[in-house]
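Structural description and commentary
One-letter residues, chain by chain:
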Amino acid sequence: MHNILVLLRKEWRESLRNKMVLFGALFLPAFMVGAALFMIVQGQGVDIPGAQAALFNTALMYFLVLPAVIPLAIAVYSIVGEKEQQSLEPLLATPVTDLELFLGKALASVIPALVITWASFGLFLGLSIPFAGGVPPHVLTIPWLAAIFGLTPLLSLTSVGITMIVSSRASDARAAYQFSSFAILPPIVPLIIYSTRKALVSVALVGVEGGVLIVAAVAVLAIAVRLFRREQILTRWK
Amino acid sequence: MIRSEGLTRRFGAVTAVDGLDLVVERGEVFGFLGPNGAGKTTTVRMLAALIAPTAGGAHIGELQLGRDNRAIRRRVGVLTEAPGLYRRLSARDNLLLFARLHAVSDPSSRVERYLRLFDLWDRRDDLVGTLSKGMRQKLALARALVHDPDVLFLDEPTAGLDPEASRRVRELVESLRSKERTIFLCTHNLDEADRLCDRVELFKARIVALGKPAELKERMYGRRTVIHFGDRPQGLERALDLPFILDTEWADDALVVGLSDPERENPILVRRLVELGAEVRYVNELRVSLEDLYLDLMEEHDA
């Protein structure tokens, strides 16, 4: 645990000094909060129930995109940055275990993603009072809260797993960012489904998505852990 | 301190290290020399418990490679060929990270000690990205030492350093030797290896030669005395009828004489030359550089 905390602190210090990472982690949440508010305000003025549900569902999905996208910048830099600086070998020469190193890298991306997502949701709730005349009734419901607090960790973990797999194979940050954008698929696919539905998000739908995400997260993390071994890093990573 | 038996590493069809048997004593500075691609880095990675051997094994002290990898990594320090520092962290934060990962007690004061030792204390809060190449190399060396390892693997420790800093590194290596630290030095700077190493191994996937630099030179070239004359005496070497002379050759105006026991034979040789009317100006032993030895042995090995 001590080594994981040491690594987390190092990762965050580096990320905070990287303007690109910082911008990516802060701009998108601000944009999504604004977009979600806009959807809610628009939805309240719509009389057609199906259209209103689509707008509200879209607002929810903005908060499910955040935990998948925010870790991309941090995780890509965390691995490709190490490759570019050739700093992994000295790190691997310490007593840190492969799993500690993996968890240090993964949590360094997942924790800020969750904190920022939930803080953004809080900000959205707060801003909805002056802008939407109060918290909309469909927002503080079990499906919404289950999605915000249950699905976001799974989305983050899946995203980090995909990013780590891609970054382990990519030799430069641009290629890693490009291919890591696949990590956005898990929240995008439900967004399309939700947007076409004429009913509000239900517990059943969140449950199905949660089940799929658990399988996806376990699968990609298992692959990422296998790739994240000293032997692999030193002999196979380019 | 380091002992390997049949240490082998293959990458597919390529054998990078082939059955390396090695013993490095505690407090020894051991030079591991070879061309690029000879398998030096792979050997260091195996001995530092970073990658596993395909066959054979090794011990660091009483610790066994494969079984005690984490404990081995606690006891060794590795200076990699590239400094591999975190450019967005300060010099101090770079060292603190490694001191903490090695669970050094009171990491702050340990880091301060090494930053001062390498004249980096005044730049402690500067980001590594702003430091010169030489400063980064010193910082990387400090990082390898920050947990006071028993065994130090150094890959090109003076690369990029100015002469003054290089001398300080050599002095540091000397002082570590006096503290019974074992140093495994990979370098292409053969003059440095000649000066620092108790023994050297010339390596190209397998051992080409192993021994003390002076012994290896003697084994390869014998011991040779160089005699400088006022005027080059004609036919002198033919007149030299001493039985202990192994061979003679002229190098410009100096006569190079192969001898088996120069301490005993030099006075007799000089006396005989004077008797033959030669004007002997001065006499010295032929110094062969480790570079000459290295190049000749590698050429012989390749042939």
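Report follows, based on the coordinates.

About the thresholds
- Residues numbered from 1 in each chain as written.
- Chains lettered and ligands numbered in written order.
- Predicted model: local features only at pLDDT ≥ 70, side-chain atom pairs only at ≥ 80, totals over all residues.
- Heavy atoms only, no water.
- 1 Å grid on protein atoms, 1.4 Å probe; cavity = no way out; pocket = protein on both sides within 12 Å on 5 of 7 lines; lining within 4 Å.
- Points joined across faces, edges and corners; volume = space filled by probe spheres on them.
- Helix = DSSP H or I, 4+ residues; strand = E, 2+ residues; numbered from the N terminus.
- Nonpolar A, V, L, I, M, F, W, Y, C, P; charged D, E, K, R; others polar.
- Contact = heavy atoms within 4.5 Å.
- Buried area = accessible area lost by both parts, 1.4 Å probe.
- Salt bridge = Lys/Arg side-chain N within 4 Å of Asp/Glu carboxyl O.
- Polar contact = N/O pair within 3.5 Å; in protein donor to acceptor, adjacent residues only side chain to side chain.
- Buried < 20%, exposed > 50% of the residue type's maximum accessible area, 1.4 Å probe, protein only.
- Axes fitted to C-alpha atoms, helices over the stretch in contact; angles between N-to-C directions.
- Parallel < 35°, antiparallel > 145°, perpendicular 65-115°, else oblique.
- Left-handed = near helix turned anticlockwise from the far one by under 90°.
- Expected span 1.5 Å × (residues − 1).
- Pairing = 2+ DSSP bridges.

1. Focus: the layout of surface pockets
Estimated volume of the largest pocket: approximately 460 Å³. Gln86, Leu88, Glu89 and Leu234 of chain A together with Arg45 of chain B are, among the 22 residues lining the largest pocket, the residues nearest its centre. Of all elements in the fold, only α3 (49-85), α4 (88-92) and α10 (230-235) of chain A together with α1 (40-47), β6 (76-79) and β7 (151-155) of chain B reach the threshold of two or more residues within the lining of the largest pocket. Partitioned by chemical class, the residues of the lining of the largest pocket number eleven nonpolar, four polar and seven charged.

2. Focus: the interface of chain B and chain A
The interface of chain B with chain A comprises 29 residues on the first partner and 30 residues on the second. When chain B packs against chain A, close to 2,800 Å² is buried across both sides, 58% of that on carbon and sulfur atoms. Taken as a group, Tyr86, Arg88 and Leu101 of chain B account for 26% of the area that chain B buries against chain A, more than any other trio of residues on that side. Summed over the shared surface of chain B and chain A, the number is four salt bridges. Across the pair Glu100 of chain A and Arg70 of chain B runs a salt bridge, and its minimum N-O distance is 3.3 Å. In this assembly, chain B and chain A are joined by ten residue pairs in polar contact (both at pLDDT 80 or more).

3. Remarks on empty space enclosed by the protein
Per the stated rule, a full pass over the model turns up one cavity of 30 Å³ or more. Here the largest cavity defines a volume of roughly 80 Å³. Every residue lining the largest cavity is listed: Pro90, Ala93 and Thr94 of chain A together with Val76, Gly77, Val78, Phe98, His102, Arg143, Ala144 and His147 of chain B. Secondary-structure elements contributing two or more residues to the lining of the largest cavity are β6 and α5 (133-145) of chain B. The element contributing the most residues to the lining of the largest cavity is β6 of chain B, with three residues. A breakdown of the residues in the lining of the largest cavity according to their chemical character gives six nonpolar, four polar and one charged.

4. Here's the deal with the pattern of salt bridges
Residues and elements named next belong to chain A. As enumerated under the stated definition, the model contains 35 salt bridges over all chains in all. A salt bridge links Lys105 to Glu11; the shortest N-O distance between them is 2.6 Å. Separated by 94 residues along the polypeptide, Lys105 in helix α5 (residues 98-132) and Glu11 in helix α1 (residues 2-16) bring together distant segments of the chain. Judged by relative accessible area, Glu11 falls into the buried class, the value being 3%.

5. Regarding the packing of helix α6 (residues 142-169) of chain A against helix α9 (residues 203-227) of chain A
Residues and elements named next belong to chain A. At a minimum axis distance of 8 Å, the contact between α6 and α9 shows a crossing angle of 25 degrees. In terms of orientation, α6 and α9 fall into the roughly parallel class. The element α6 and its partner α9 pack so that their crossing is left-handed.

6. Some details on helix α2 (residues 19-44) of chain A
In a regular helix each residue adds 1.5 Å, so 26 residues correspond to 38 Å; α2 of chain A covers 38 Å between its end C-alpha atoms and thus fits that length. For α2 of chain A, the set of buried residues is Val21, Ala25, Leu28, Pro29, Met32, Val33, Ala35, Ala36, Leu37, Met39, Ile40 and Gly43 of chain A.

7. As for the environment of His147 of chain B
Residues and elements named next belong to chain B. Looking at the element boundaries, His147 is found in the loop between α5 and β7. With a relative accessible area of 12%, His147 lands in the buried category. Along the primary structure His147 and Leu95 are separated by 52 residues, whereas in three dimensions their C-alpha atoms are 9.9 Å apart. Those residues within four positions of His147 in sequence are excluded, and the remaining contacts are Arg73, Arg74, Val76, Gly77, His102, Val104 and Arg110. At 2.8 Å, the side chain of His147 forms a polar contact with the backbone oxygen of Val76.

8. Digging into the sheet that holds strand β4 (residues 55-60) of chain B
All names here are of chain B. Strand order in this open sheet of four strands is β2-β1-β4-β5, and the pairing throughout is antiparallel. The sheet terminates laterally at β2 (14-24) and β5 (63-64), the two strands that pair on one side only. Of the strand pairs in this sheet, strand β1 (residues 2-11) and β2 are connected by seven bridges, and their pairing is antiparallel. By the bridge assignment, Arg3 is partnered in β2 with Val23. Along the sheet, α1 contacts β1, β2 and β4; its crossing angle with β1, the most-contacted strand, is approximately 120 degrees.

9. Concerning the side chain of Thr163 of chain A
Along the chain, the position of Thr163 of chain A falls in helix α6. Each residue touching Thr163 of chain A, except ones within four places of it in the same chain, is listed here: Leu72, Ala75, Val76, Ser180 and Ala183 of chain A.

10. Regarding the sheet that holds strand β10 (residues 206-211) of chain B
All names here are of chain B. Strand order in the open sheet made by the six strands is β6-β7-β8-β3-β9-β10, with mixed pairing throughout. The sheet is open, and its two edges are formed by β6 and β10, each paired on a single side. Across this sheet, the average inter-strand angle for adjacent strands is 15 degrees, counted without regard to direction. Note: strand β3 (residues 29-33) against strand β9 (residues 199-204), four bridges, orientation parallel.

Everything listed is a geometric property; what it means functionally is a separate question.
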